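Structural overview for review
Chain by chain, the residues run as shown.
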Amino acid sequence: MSPWAWMFCALAAFCLGFKPGADGYDEFTSATNLLHLAIDDTTEQVYVGAVNFLYQLTPDLQEEKKAATGPERDHPKCVPPIKTSTCSNAVPTQNYNKLLLIDKDRKRLVICGNIFKGICSLRQLNDISAIEYENVNGGEATFVASNQSTVGLITLMNNTKNELKPVMFVGKSFETYANAIVSTRTLSENEQGHLFELVQDSSAVKPDSHLQYRHDFKFSFEDGNFVYFLFSRTDGAQEEPTTYISRICISDVFYFSYIEMVLKCDDCNLVQAAYISHPGEKLAQHMNRSGLYGTVTSQDKVLFAVFNRGNLKTTSSDKSAFCMFSLKQINEKIEEYREICYSSKEMKEKNEIIYNPYKSDGSHNCPKDLNKGQAKAYPCSGEHLPYPIASREGIAATPLQHYDTNLSAIAVTVENDHTIGFLGNIKGEIHKVFLDNETDDYQTVYMTPNSKVNSDLIFNAKRDHLYVMTEKKITRLPVEECNSYKSCNSCIASRDPYCGWCVIEGICSRKMHCTKAAQKDHWLWSLNKQCPTVIHADPQNMSRNAPAPVQLNIEPFPALTDQDQIQCSVNNFKGFSLKHSTGYVLCEAPPINQIAATPPGQDYIDIEVNLKIVSGGKTIDFTRTNYSFYDCNAAMTLSPNIPCDSCVRSKWTCHWDISEHTCKDGHTKGDQLNIVQSKMAQNCPRFENALPLLIPVNETANISFHGKNLNFYQNKKLVIVDNLVRKTLGVNRNPPDMFWSENFKFSYDENETRIVHFVVQAEGKIIDSKLDVTLYNCGYSHKDCSLCLSANKTYECIWCKTLKRCVYKRHCDDVIDMTDQCPFPTISQLDPINGPLEGGILLTIKGSNLGTSSDDIREIKVGNAVCNQVAEQYSISVRVVCELNNVSNSQHNFVHIQLKNNKNGTSKSRFAYIDPNPTHITPVQGINAGGTSLTISGENLNIGRQEDVKVMLDDIPCTLILLFQVRDFSTLILVRSSHAQQPDDHQQIIHGEKSGLLEEDRRWHLVRPADEVDESKSKRGSMKEKERTKAITEIYLTRLLSVKGTLQQFVDNFFQSILSTNQFIPTAVKYYFDFLDEQARKNEINDEETIHIWKTNSLPLRFWVNILKNPHFIFDVKVNEVVDASLSVIAQTLMDACTKTEYKLSRDSPSNKLLYAREISTYKKMVEDYYRGIRQLVQVSDQDMNTHLAEVSRAHTDKLNTMVALHQLYQYTNKYYDEIINALEEDQAAQKMQLSVRLQQIAAALENKTTDL
């Protein structure tokens, strides 16, 4: 397990499963670029065409044979054979394989390269080093391949003697020396013993100019009597190319039947790769329902293709689409256009759509006097009909999926009537796509980073592996990895259409590999999103004191044989089901002594029930559920002040026995007269409605209250006890239902208020008591007169003149009860103590009796300069904030404040208006990219607060300098901090700066920059000590520009590994994200951005950003300052990717924003897709979550120090001990679980803390 995944498990119970990318798969690596791939589907041998080499590989990509094909002496202007006498400018030329075809019937390999005008050769299929045929003297008729794009296929054609002979159809980009762009080549020797010659001149499909008709051939295939080519090309002078499909009869050596038609895929105009295949039954049904593809059956063929946006020279890096076309519909359209030309004068609805594609003037020669039906009568056309022809119209498909990168390859297969596509892109990724009513991109496999996936994407004969070729690597990729999912939930969550859960075998597998897959509910397909689940239990729960059999209803439930058994396991108790049938299991409950104890703070325990199928000597996990055993005796303890109410209000069948003062389950018999039945809390004996609700400290008082249902206690002595001092008081009664306590007086000064709980007892047992009052202390937080008089009026607090503090009104005779009578305002602190002459910064004035609202402030002045109050930052009586106005010259003045009651206050210290004076800057120049550290010297540089200071180089901002006790003419330099990790030996301290700044006697730093150095010591000390008072640190500016290119792939890989749903998503993540979605629905929050923020804060920011900034949390590493700063930039990029807010860039933008500006949109989409993908996963039940947590706990029992973790939690709790205790005492849920009492017990045990216990 990786450190990242382990960290998730250990700290957050998020156990991430990563797809390994290409790791662990069979691979072949080449020293030169790989260009073409072919596979013999009989022997499964693999053939590879590369630059200068051919390879013959085993099915698992082990090299068997290797043959060199270049470099050879050649020149584009020379005609082979190359001789020094005829080609003096020939140079060693790399040989790029342009065509690699298997002639299976004749057991040979056709090889064509770019050298020698693209001539071809034959090699033996079982030994590529053996050349069967090669001829460089064949002349122009044998020039086959193009330096640009070339595609081809081998088929059979009848010759003039009506003999079936092998031929090769070739489509290639047009070049000046070349013959037609589409041609038919001989693969059997003619009378001269030559091969690869033209069967017949096909100059009809030769453009007038290669500059006007630029072709890019991508795919060719054969179907029935026709050969098809797929390519993009310009149309005459048109710069923007269009994708076409062309068709020709196999038997048509003169190309009379040649026709082209437009294919469109949204606004993506450049076809990149294609695949022809039968659709699965489900996809065919969808195509029919859509009405876009005509009539399609699973026996028809569909052309799948990927398209990019751009022109022939460049393609857009952020736009591509995936489309499909019915071949039947393509042929129907072609026939329609042929008939238009042959019989309808090339017009359709008055628009001229038929033209000759290879005449620069676009002229046509459609006949004007032929009868209709010519196309049907002459399926392969004829000499009397026009050729070649093209249509300006065609088929425009609706994309199945859009992508924000360039797609480059496609392969399609069918599994169990379902269609699955594999799409490659230029980043070296394979997208696995499920094609049905909706296209689901269910998994992405990362092959070779940033290495384009070649369009030769080929299945082996069994179609269980896909050969993926990137620039220098071939990978044998399994089409599925079902066996990597070890549980039904992970199998179903994979969304892999190949996979399903084989119930009786307990494995995730393809359907063909599950023995009883044909039987109902034995193989559960992942996309049906259902595992065997307990949907109901009868009874739904039971008392732990009366265990009995329970029936568990399960769906889906496979039919079992008479020999199969189901085992029910609870903890160590294992027993076979008492009975089972399709749909349910009857399990025996464990005996009482094997039911675990009820946990503290609960009145039940959830016991995990594991169901296993025992079949054929194997025990297989079937399903599991949690079953609740309730404990009525524990129910009464959840709210100890109201035991009866706590008992009968529980969700279980619990009754309260008044006479025995116990909570009993429904099976217990007793005196029904003294029984309070379950859910009848109104019949509980109880005391309530305490008065008064507010009691001041140090005031003699008592409380009165009502009592109900007290017949049983009529003759019993009652007492009342509080939870503050635990004093027992007598209770007086005024029949029939009024009661009051003896007098009491409480002292309390730990907080302003405290909830005091009183309970009434009889014979030491608590009778339900809801008797809560609030104890309050006027003087706790109201330290001056104004604060006192602004307190809650119900507290009746007044300012006592003689005591000079805030007290309850009855505790003082000499009182102030109106704010106008309060003392004069006092000013005790100014922050900052100085500011610029221009003003414009905020001055914070702290003191006492500064009014009870911002409206009480009449005027604030610094000397004679007005300071305008910022009312929003006013704090009652103790703080006033104002904005300084400008002054004309330097001055030191007192601050004055006047209230509307005409009372004034003046500061004891003066505020200084001063003017900063920078006198020197070093260095005087730096690099354009920024990041140069500047040293500024001068006087009055310690002006205002840190946030008030701004340094500009003309209009360019400079990131600041920490200003702490900077004295006049101090020099600010960048230095090492003694508590920072020391740099490695090879690391420069300050990159690009003079080392003189760090000479031994100048290497100073401020370890605690906020501490002022003792002046007296400095005056008496050495020169070094005096220098120390001037030194200061400066924020280290990161320079990532030079290394961003190196880091980019690692950053991309990081984003892909944490934000891909094409891997097992941790149970905890799914469970928590569903919880957030549910809360949004319950609270009617429809704003997707809000939900997005919730999820972002809970996972990427809380976990991943934290790990990025603190790698030492999980790695044993020493992070120097440069790495730390770099990681912070990447962490900020992740934070930016997680926000939906668009950041507008400018030259003033921070460097980290500019560094990743181009990638941020991609990262943002990854985050959105990640959240969307998680939302579409199978829901995680409470049972699954509990099971997962238990598994994680067990797996890491010996890896974590529980006591250390608990102690750290306690240390945090201890900081806010009083606040937490009060909060727990006021919270009803916390009261039921006695959390306040338990925390006090912990405190008493750990550090002898004085508690209320």
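1. Brief notes about the overall build of the chain
A tally of regular secondary structure across the chain gives 21 helices and 72 strands. Across the 1253 residues that make up the chain, the buried fraction comes to 50%. Nonlocal contacts in the chain, meaning residues at least 24 apart in sequence, comprise 60% of its contacts between residues at least 6 apart. Carbon and sulfur atoms make up 48% of the accessible area of the chain, which totals about 60,700 Å².

2. Structural notes on the state of the cysteines
Summed over all chains, the structure comprises 18 disulfides. Sulfur-sulfur distance for the disulfide between C491 and C508 comes to 2.1 Å. Judged by the sign of its S-S torsion, about 65°, the cystine formed by C491 and C508 is right-handed. Of this pair, C491 sits in helix α5 (residues 488-493) while C508 sits in strand β35 (residues 507-509), and the two are 17 residues apart along the sequence. C508 matches C491 in its accessibility class, with the two residues each being buried. Cysteine C268 remains unbridged, with the sulfur of C265 as its closest cysteine sulfur at 5.9 Å.

3. What to know about the pattern of salt bridges
One pass over the structure, following the stated rule, counts 36 salt bridges. Here R649 and D645 are joined by a salt bridge, their closest N and O atoms 2.7 Å apart. The class for R649 is exposed, based on a relative accessible area of 56%. Between D1074 and K1070 there is a salt bridge, with its nearest N and O atoms 3.0 Å apart. Taken together, the residues D1074 and K1070, both in helix α12 (residues 1067-1082) and four residues apart, mark about one turn of the helix. Residues joined in a network through salt bridges with shared partners are D1077, E1088, K1095 and R1175.

4. Description of the sheet that holds β35
Hydrogen bonds between backbone groups are what pair the strands of a sheet, and the pairing can be parallel or antiparallel. Taken in spatial order, the three strands make up an open sheet running β35-β34-β36, and their pairing is antiparallel. Where the open sheet ends on each side, the last strands, each with one partner, are β35 and β36 (523-525). Going across the sheet, the axis of each strand differs from the next one's by a mean of 30°, ignoring polarity. Relative to β35, strand β34 (residues 500-502) runs antiparallel, the two being bridged by three bridges.

5. Thoughts on helix α13 (residues 1088-1109)
Where α13 bends most, at T1096, the angle is about 45°, and the proline P1100 comes one to four residues later. Taking the backbone nitrogen of E1089 as reference, a side-chain oxygen 3.1 Å away marks D1087 as the first, capping residue of α13.

6. Brief notes about the confidence of the model for the chain
Chain-level pLDDT for the chain is 84 on average; 86% of the residues reach the 70-or-more range. Overall, residues 1-21 carries pLDDT values under 50, and its contacts beyond four positions in sequence, including any with other chains, amount to 61 contacts. Here residues 964-1040 is a poorly scored stretch, pLDDT under 50, and it has 119 contacts once near neighbours within four places are set aside; other chains count.

7. Topic: unusual backbone geometry
Residue P388 follows Y387 across a cis peptide bond; omega there is -20°. Here P388 shows up in the loop between α4 (374-377) and β25 (389-397). Cis peptide bonds are those with omega within 30 degrees of zero, and the linkage from E555 to P556 qualifies with -15°. With respect to the helices, strands and loops of the structure, P556 is situated in the loop between β39 (550-555) and β40 (565-570).

8. Observations concerning the sheet that holds strand β59 (residues 815-816)
Read from one edge of the open sheet, three strands run β58-β57-β59, paired in antiparallel fashion. Unpaired on one side and paired on the other, β58 (805-808) and β59 mark the two borders of the sheet. Note that strand β57 (residues 797-800) and β59 share two bridges and pair antiparallel. When the bridges of β59 are listed, W799 appears paired with I816.

9. A word on the packing of aromatic side chains
Tallying each qualifying case throughout the model produces 36 aromatic pairs. Note on Y1170 and Y1171: the rings are 6.1 Å apart at their centroids and 45° apart in plane angle, and the pair reads as tilted. There is no split in this pair, since Y1170 and Y1171 are both buried. Members of the aromatic cluster, connected to one another through ring pairs, are F1054, F1055, F1103, W1104 and Y1163. Above the ring of Y244, the side-chain terminus of R233 is found at 4.0 Å from the ring centroid. The ring of F824 carries the charged tip of K903 above its face, separated from the ring centre by 5.5 Å.

10. A word on the packing of α12 against helix α16 (residues 1160-1175)
One can describe the packing of α12 onto α16 by two numbers: an axis separation of 10 Å at closest approach and a directional angle of 90°. In terms of axis orientation, α12 runs roughly perpendicular to α16. Taken together, the residues of α16 that come into contact with α12 (itself represented by V1069, K1070, F1073 and D1077) are Y1170, Y1171, I1174 and R1175. Its residues placed into classes, the contact of α12 with α16 shows five nonpolar, no polar and three charged.

11. As for the nonpolar core
Within soluble globular proteins, side chains that are nonpolar tend to cluster in buried spots. With 78 residues, the main nonpolar core has F304, F322, I410, F422, L457 and L611 as its most contacted residues. By size, the runner-up hydrophobic cluster in this structure holds 41 residues, among which are A690, V697, A701 and L710.

12. Observations regarding the environment of S659
On the secondary structure map, S659 appears in the loop between β46 (654-657) and β47 (662-665). In terms of polar contacts, S659 uses its side chain to reach the side chain of D657, at 2.7 Å.

13. Quick look at a negative patch on the surface
On the surface, a cluster of negative charge is contributed by D749, E750, D1218 and E1219. On the accessibility criterion, E1219 (48% relative accessible area) is partly exposed.

Calculation notes
- Residues numbered from 1 in each chain as written.
- Predicted model: local features only at pLDDT ≥ 70, side-chain atom pairs only at ≥ 80, totals over all residues.
- Heavy atoms only, no water.
- Helix = DSSP H or I, 4+ residues; strand = E, 2+ residues; numbered from the N terminus.
- Buried < 20%, exposed > 50% of the residue type's maximum accessible area, 1.4 Å probe, protein only.
- Contact = heavy atoms within 4.5 Å.
- Areas by Shrake-Rupley, 256 points an atom, 1.4 Å probe, with all protein chains shown as cover.
- Disulfide = S-S within 2.5 Å.
- Salt bridge = Lys/Arg side-chain N within 4 Å of Asp/Glu carboxyl O.
- Pairing = 2+ DSSP bridges.
- Axes fitted to C-alpha atoms, helices over the stretch in contact; angles between N-to-C directions.
- Bend = angle between axes of the 7 residues up to and from the residue.
- Polar contact = N/O pair within 3.5 Å; in protein donor to acceptor, adjacent residues only side chain to side chain.
- pLDDT = per-residue confidence, 0-100.
- Phe/Tyr/Trp six-rings, centres within 6.5 Å; stacked < 30°, edge-to-face > 60°.
- Lys NZ or Arg CZ within 6 Å of the ring centre and 35° of its normal.
- Parallel < 35°, antiparallel > 145°, perpendicular 65-115°, else oblique.
- Nonpolar A, V, L, I, M, F, W, Y, C, P; charged D, E, K, R; others polar.
- Core = buried A, V, L, I, M, F, W, Y, C linked by side-chain atoms within 4.5 Å.
- Patch = residues over 30% accessible without salt bridge, like charges linked within 9 Å, V, L, I, M, F, W, Y side chains within 5 Å.
- Lys, Arg positive; Asp, Glu negative; His and termini not counted.
- Charge placed at Lys NZ, Arg CZ, Asp CG, Glu CD.

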